[in-house]
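# Chain and residue survey
Residue strings, one per chain:
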Amino acid sequence: MSNTGNIRIIREQLAANVATIDGLRTHQEIPEQVATPAFIVLGPKEIDFDKTMARGTDRLLFDCLLVASRADARQAQRTIDAFLNTKGAGSIKAALQDDTTLNGACEDLRVTRINDYGAIEIAGVMYLSARIEVEIYVDNT
Amino acid sequence: MILTHCRIYHGAYNLSGDLNSIELSLEADSQDITTFNDGGWTKVAPGLKTGNFALEGYFAAGSSSISEHLNTEFATVGTPLTIATNNTDGCTAYLTRSATAQVQVLGGTVGDAGKISASGTASTDVVRGTILIPTSSALTATGTGTGRQLGALSASQALYASLHVVSISGTGTPSLTVKVQSDDNSGFTSPTDQITFTAATAVGAQWGTKAGAVTDNYWRVSYTISGTNPSFTFVVAAGIGDA
Amino acid sequence: MIFKDAYVKLDSNDISAYVMSATLNTESATQDSHTMGDNWTEVELGLKSWTLELELKQSFTASELDSILWPYFNNGSTIAVEIRPTSSAVGSGNPKWTGNAILPAYTPLQGSVGDLASTSITLTGVGAVTRATS
């Protein structure tokens with residue numbers, strides 16, 4: 001079954017999956033300014049073309065970012081931690097995998113890992129963040 | 001498809017949450033039938049078929065655990081085994097009955113998560129089928145599953161079905177009776193009971209067959225639930241194979 | 001030539017888009033034919049055989065790969081096989097190999113959680129495999 005394989009649509013749908021989480025702003029692209037807490041789709045950090053012949057399948061590795069204000073260090077950690085729960089209403093993992101086809105934009109996806117939990121600077125402002133890696137397979141047939 | 005939602009039902013157990021690796025391999029014994037007329041090239045024909053399974057997962061002990069289950073299943077023949085590619089209604093599943101020949105009861109190096117594994121052979125046909133009732137939600141009242149156009153049965157075919165009841169709750173002797181029905185139309189205006197499983201009042205598994213010929217090509221599950229506040233989690237898979 | 005567009009057809013099923021790797025093997029049995037007086041071994045070639053090994057991305061969606069391969073294994077059917085280096089028209093630069101085969105073994109499901117579902121099959125030739133450039 002063919003997917004769009006359209007990077008822009010994949011960004012939109014990743015953000016749309018996460019938009020179901022109350023209290024989390026979503027951005028399909030890196031914004032000029034960040035209102036927190038926020039989920040940002042950074043983009044494809046890796047694309048493996050030709051996983052099968054005849055341009056059948058490509059594998060994409062997307063990086064996304066969870067960002068919280070560091071004004072209160074403890075609250076920032078609690079905010080981020082809640083979104084990193086492995087299941088439940090506020091879970092990023094559960095929300096992203098609620099529709100693993102991204103409304104037809106891909107064949108399947110899996111949130112593979114969270115890493116780089118720590119401080120990050122965006123436009124001169126320090127935030128607390130965690131990086132979310134999403135593995136996506138696209139069927140081009 | 002990324003392997004994240006496979007479901008493995010063995011007897012009364014849903015092992016999916018304990019397993020992290022699955023293999024179902026099928027083989028037909030190749031028989032050489034080369035003759036002098038074959039232009040110098042070999043010819044082979046497939047003979048008897050065999051199914052093998054291998055399950056690997058993480059060790060857990062206690063009541064109703066994988067360790068308890070595989071300890072019971074070791075050297076046991078005939079337990080229904082259903083391997084589904086997903087936990088959704090209508091997804092592909094392979095069903096058979098198992099002969100569990102090897103169980104590695106516990107393994108690992110200090111610091112590792114303890115491992116457990118089991119392997120064996122299919123003790124009967126391996127049938128490619130469809131999940132007609134998934135375990136995605138418990139059922140509490142009488143009803144029917146979604147009808148699927150699995151096809152008609154010729155005289156040399158049979159419908160095979162597996163039923164795994166993995167949890168029961170309620171009072172007043174909760175009971176579940178499952179039937180596999182057929183009809184010649186998707187609306188099931190006049191369904192025929194083809195397989196009737198024994199009423200289940202405890203967790204367990206059953207295997208059913210219906211020999212062809214059957215001209216109906218639509219199939220579904222009908223289930224009757226009784227008791228006080230009854231709740232059943234069960235899965236039914238069915239497929240057409242050789243008689 | 002970078003191997004990225006191999007064409008593989010089983011009967012009327014073009015399964016190229018599932019193929020992760022393909023290897024067509026041909027072999028002749030060797031028969032010793034040396035006799036007294038020979039200082040070197042001598043061989044003659046006997047019966048020929050062929051196999052096509054495919055590593056495939058598995059799909060259980062209706063009408064997709066698993067539904068194609070299962071009946072080949074379960075029914076023991078003879079399969080008309082064609083393979084070309086690319087999907088372009090057959091020619092001197094893009095030969096095709098054709099022959100009949102059976103699927104004597106099939107592993108529909110294997111892997112660990114998180115893996116891409118895949119299956120490896122070996123089609124075993126029944127009779128000759130023929131190379132053609134038109």
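Our subject in this report is the structure included herewith. (Residues numbered from 1 in each chain as written. Chains lettered and ligands numbered in written order. Predicted model: local features only at pLDDT ≥ 70, side-chain atom pairs only at ≥ 80, totals over all residues. Heavy atoms only, no water.)

## Regarding the side chain of N20(B)
Within the element layout of this structure, N20(B) appears in strand β3 (residues 19-32). Under the relative-accessibility criterion, N20(B) is labelled buried at 19%. Look past the residues within four positions of N20(B) in its chain and what remains in contact with it is E56(B), G57(B), Y58(B), G111(C), S112(C) and V113(C). (Helix = DSSP H or I, 4+ residues; strand = E, 2+ residues; numbered from the N terminus. Buried < 20%, exposed > 50% of the residue type's maximum accessible area, 1.4 Å probe, protein only. Contact = heavy atoms within 4.5 Å.)

## Some words on the interface of chain C and chain B
Every contact between the two is made by 34 residues of chain C and, on the other side, 32 residues of chain B. Across the chain C/chain B interface, buried area totals approximately 3000 Å², and carbon plus sulfur atoms make up 62% of it. The interface formed by chain C and chain B holds 1 salt bridge in total. Linking R128(B) and D66(C) is a salt bridge whose minimum nitrogen-to-oxygen distance equals 2.4 Å. In this structure, the connection of chain C to chain B is made through 15 residue pairs in polar contact (both at pLDDT 80 or more). With 8 residues, strand β7 (residues 105-112) of chain C is the largest single contributor of residues to the side of chain C that touches chain B. Classifying every residue of the side of chain C that touches chain B by side-chain character gives 17 nonpolar, 14 polar and 3 charged. (Buried area = accessible area lost by both parts, 1.4 Å probe. Salt bridge = Lys/Arg side-chain N within 4 Å of Asp/Glu carboxyl O. Polar contact = N/O pair within 3.5 Å; in protein donor to acceptor, adjacent residues only side chain to side chain. Nonpolar A, V, L, I, M, F, W, Y, C, P; charged D, E, K, R; others polar.)

## Remarks on the layout of surface pockets
Approximately 1200 Å³ is the volume found for the largest pocket. Around the largest pocket, the lining comprises 44 residues; the ones closest to its centre are T92(B), R128(B), F60(C), T61(C) and A62(C). Listed by contribution, the elements that provide at least two residues to the lining of the largest pocket are β8 (127-133) and β13 (218-242) of chain B together with α1 (65-75) of chain C. Tallied by class, residues from the lining of the largest pocket come to 11 nonpolar, 25 polar and 8 charged. Quantified by volume, the second largest pocket comes out at close to 370 Å³. Forming the walls of the second largest pocket are 21 residues, and the residues nearest its centre are L3(B), T4(B), S16(B), L19(B) and V113(C). Secondary structure elements with two or more residues in the lining of the second largest pocket: β1 (7-10) and β3 of chain B together with β7 of chain C. Among the elements that make up the lining of the second largest pocket, the one with the highest residue count is β3(B) (4 residues). (1 Å grid on protein atoms, 1.4 Å probe; cavity = no way out; pocket = protein on both sides within 12 Å on 5 of 7 lines; lining within 4 Å. Points joined across faces, edges and corners; volume = space filled by probe spheres on them.)

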